[in-house]
Amino acid sequence: MQFTFHNPTKIIFGAGNLSRLGEVAGEYGKKALIATGGGSVRRSGAFDRAVESLKSAGIAWAECPGIEPNPRITSVARGADIARKEGCDMVIALGGGSVMDASKVISAAVLYDGDPWDMIRHGQDNVYVPAQALPVITVPTLAATGSETNCGAVITNTETKVKSFIQIPLLYPKVAIVDPELTVSVPKDQTAYGVCDLITHVTESYFNGVENTPLQDRIAEGVILTAMEWGPKAIADGADLEARAQVQWAASVALIGWVQIGTGAGYPVHMIEHTVSAYHDITHAAGLSIINPAWMRFAAKAHPTKFAQFARRVMGVTSGSDELSCALAGIDRFEVFLKSIGCPTKFSELGIGGEMVETYARETLRIINDGNGNLPGRPVMTEADIVAVLRAAL
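Report on the accompanying structure. Everything numeric here is computed off the predicted structure, so don't read it as measured data.

Pairing in this open sheet of six strands is parallel, and the strands run S1-S8-S5-S4-S2-S3 from one edge to the other. Two strands close off the open sheet at either side, each with one partner strand: strand S1 (10-13) and strand S3 (60-64). Going from strand to strand, the sheet's axes swing by 20 degrees on average, the running direction of each strand aside. Inspection of the sheet shows strand S4 (residues 90-95) paired to strand S5 (residues 136-140) by five bridges, in the parallel sense. By the bridge assignment, Ile92 is partnered in S5 with Ile137.

Let us look at the pattern of salt bridges. On inspection of all chains with the given rule, the structure shows 17 salt bridges. The closest approach of N and O atoms between Lys306 and Asp217, which form a salt bridge, is 3.2 Å. Of the two residues, Lys306 sits in helix H11 (residues 304-313) while Asp217 sits in helix H7 (residues 214-236), which places them 89 residues apart along the sequence. The exposure class of Lys306 is buried, given its relative accessible area of 12%. Close ionic contact of Arg312 with Glu323 constitutes a salt bridge, the shortest N to O distance being 2.6 Å.

With that out of the way, let us pick up the nonpolar core. Ranked by size, the top nonpolar core spans 72 residues in total, and within it Leu198, Ile199, Trp295 and Phe307 carry the most contacts. Broken down by element, the residue count for this core peaks at ten residues, all from helix H10 (residues 284-300). Discounting chain neighbours no more than four positions away, the residues touching Trp295 are Phe207, Asn208, Pro268, Val269, Phe307, Arg378, Met381 and Val389. Core analysis: the second largest hydrophobic core is formed by 35 residues, Ala83, Ala93, Met119 and Leu171 among them.

A distance of 3.2 Å separates a polar atom in the side chain of Lys306 from a polar atom in the side chain of Asp217. Sequence-distant contacts of Lys306, that is, excluding residues within four places in its chain, are made with Tyr206, Phe207 and Asp217.

Counting through the fold element by element, Thr382 comes out in the loop between helix H13 (357-367) and helix H14 (383-392). The exposure class of Thr382 is partly exposed, given its relative accessible area of 32%. A C-alpha to C-alpha distance of 8.6 Å links Thr382 and Leu365, two positions 17 residues apart in sequence. Beyond its immediate chain neighbours, meaning those up to four positions away, Thr382 contacts Leu365 and Asn374.

Moving on: a nonpolar patch on the surface. A cluster of nonpolar side chains, contributed by Met1, Phe3, Phe5, Phe13, Trp249 and Trp258, occupies part of the molecular surface with about 590 Å² of accessible area. Tracing the backbone shows Trp258 in the loop between helix H8 (241-254) and helix H9 (268-280). Using a relative accessible area of 34% as the deciding quantity, one classes Trp258 as partly exposed.

Inspection of every chain in the model, using the stated rule, returns twelve aromatic pairs. Pairing Phe207 with Phe310 gives two aromatic rings, centres 5.3 Å apart and planes at 75 degrees, and the pair type is edge-to-face. Of the two residues, Phe207 sits in helix H6 (residues 188-208) while Phe310 sits in helix H11, which places them 103 residues apart along the sequence. Look at Phe310 and you get buried, because its relative accessible area is 0%. Relative to Phe307, the ring of Trp295 has its centre 6.0 Å away and its plane inclined at 55 degrees; by these criteria the two rings are tilted. In this pair, Trp295 sits in helix H10 while Phe307 sits in helix H11, placing the two residues twelve residues apart along the sequence. With a relative accessible area of 0%, Trp295 lands in the buried category. Judged by relative accessible area, Phe307 falls into the buried class, the value being 1%. Taken together through their ring pairs, the aromatic side chains of Tyr206, Phe207, Trp295, Phe307, Phe310 and Phe334 make up a single cluster. The ring of Phe47 carries Arg42 above its face, with NZ or CZ at 3.9 Å from the centroid. When the ring centre of Tyr206 is taken as origin, the NZ or CZ atom of Lys306, which lies over that ring, is 4.7 Å away.

About the cut-offs
- Residues numbered from 1 in each chain as written.
- Predicted model: local features only at pLDDT ≥ 70, side-chain atom pairs only at ≥ 80, totals over all residues.
- Heavy atoms only, no water.
- Pairing = 2+ DSSP bridges.
- Helix = DSSP H or I, 4+ residues; strand = E, 2+ residues; numbered from the N terminus.
- Axes fitted to C-alpha atoms, helices over the stretch in contact; angles between N-to-C directions.
- Salt bridge = Lys/Arg side-chain N within 4 Å of Asp/Glu carboxyl O.
- Buried < 20%, exposed > 50% of the residue type's maximum accessible area, 1.4 Å probe, protein only.
- Core = buried A, V, L, I, M, F, W, Y, C linked by side-chain atoms within 4.5 Å.
- Contact = heavy atoms within 4.5 Å.
- Polar contact = N/O pair within 3.5 Å; in protein donor to acceptor, adjacent residues only side chain to side chain.
- Patch = residues over 30% accessible without salt bridge, like charges linked within 9 Å, V, L, I, M, F, W, Y side chains within 5 Å.
- Areas by Shrake-Rupley, 256 points an atom, 1.4 Å probe, with all protein chains shown as cover.
- Phe/Tyr/Trp six-rings, centres within 6.5 Å; stacked < 30°, edge-to-face > 60°.
- Lys NZ or Arg CZ within 6 Å of the ring centre and 35° of its normal.

See the structure below:
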């Protein structure tokens, strides 16, 4: 196990901390671009409270509204243009994972004269790596992606039907103001998707990493168990602030880097889902909840021991004549959990058929591969493997 770890994002966690936004922003500039999504932050009153905090600290602001789920490169370009014209010197992401992802790329695009799509890995020979960006402050309103405390962003190009990512240290937010009160108005289905999303972040590194990372395993298992205990409570009663807080913290921890340290993990489930949602614009976590169990059954055949560990420690499986049967029993229980909180587990539930599975597989490998034509993961996946997993999920 070899690693270097550094996460510079300052976390201010706890109910009511949105009121500190102006105080925090004052450390980074005088005028903020506030990026928002489809309008829920205005309906909930969060936007007005954020603006009031900024005003009280003497911080001016401009807004980039309408960041879409599966945020588009056109919105990134639009946000960068607004920030330039308005003279903004920082970006505040007030919203869910899509808003936070877009805000990170906007922060670099503001200072780049070229096409911001150059920054996103999409199979091109030369990826532009930005060297400067405006400070970003994240204020998540949904417990899901963990984007508030990491340096990654996933962006979609609707013209080319490509959804891919950038992940560089420059894009770490300066501060994450994580206020669970902002999530109490999130609907049941989006709350459930958030639970699935955060769990999938953990299972990707848990199953795809190297051997002998016992501490990372235990952190991962703790995140999953916490999400499975408190997630259903938050879904059942959105006003349960304790449940909201526990799920919110689990989402942050899931992708803050602690679970992934030293694992060298690939993210095959995410890479495949990115392709599918690029074509169908489905909710990211809905795609994950469908692909992940199918991928697990494929991967368990190659490495049953780790999946059996998951079955015993997380899913409470006590039977099984061998490691593989124990592993598969655990995967079955995990899939039942996803169904119980309202997540889909088959593409047919979303009206997606099997006509394009070969295209999904081919496009996934075009965007990312190990140099030998395979998708990184444990085990690596050929195009035929990806097709088989997708067909199992239909």
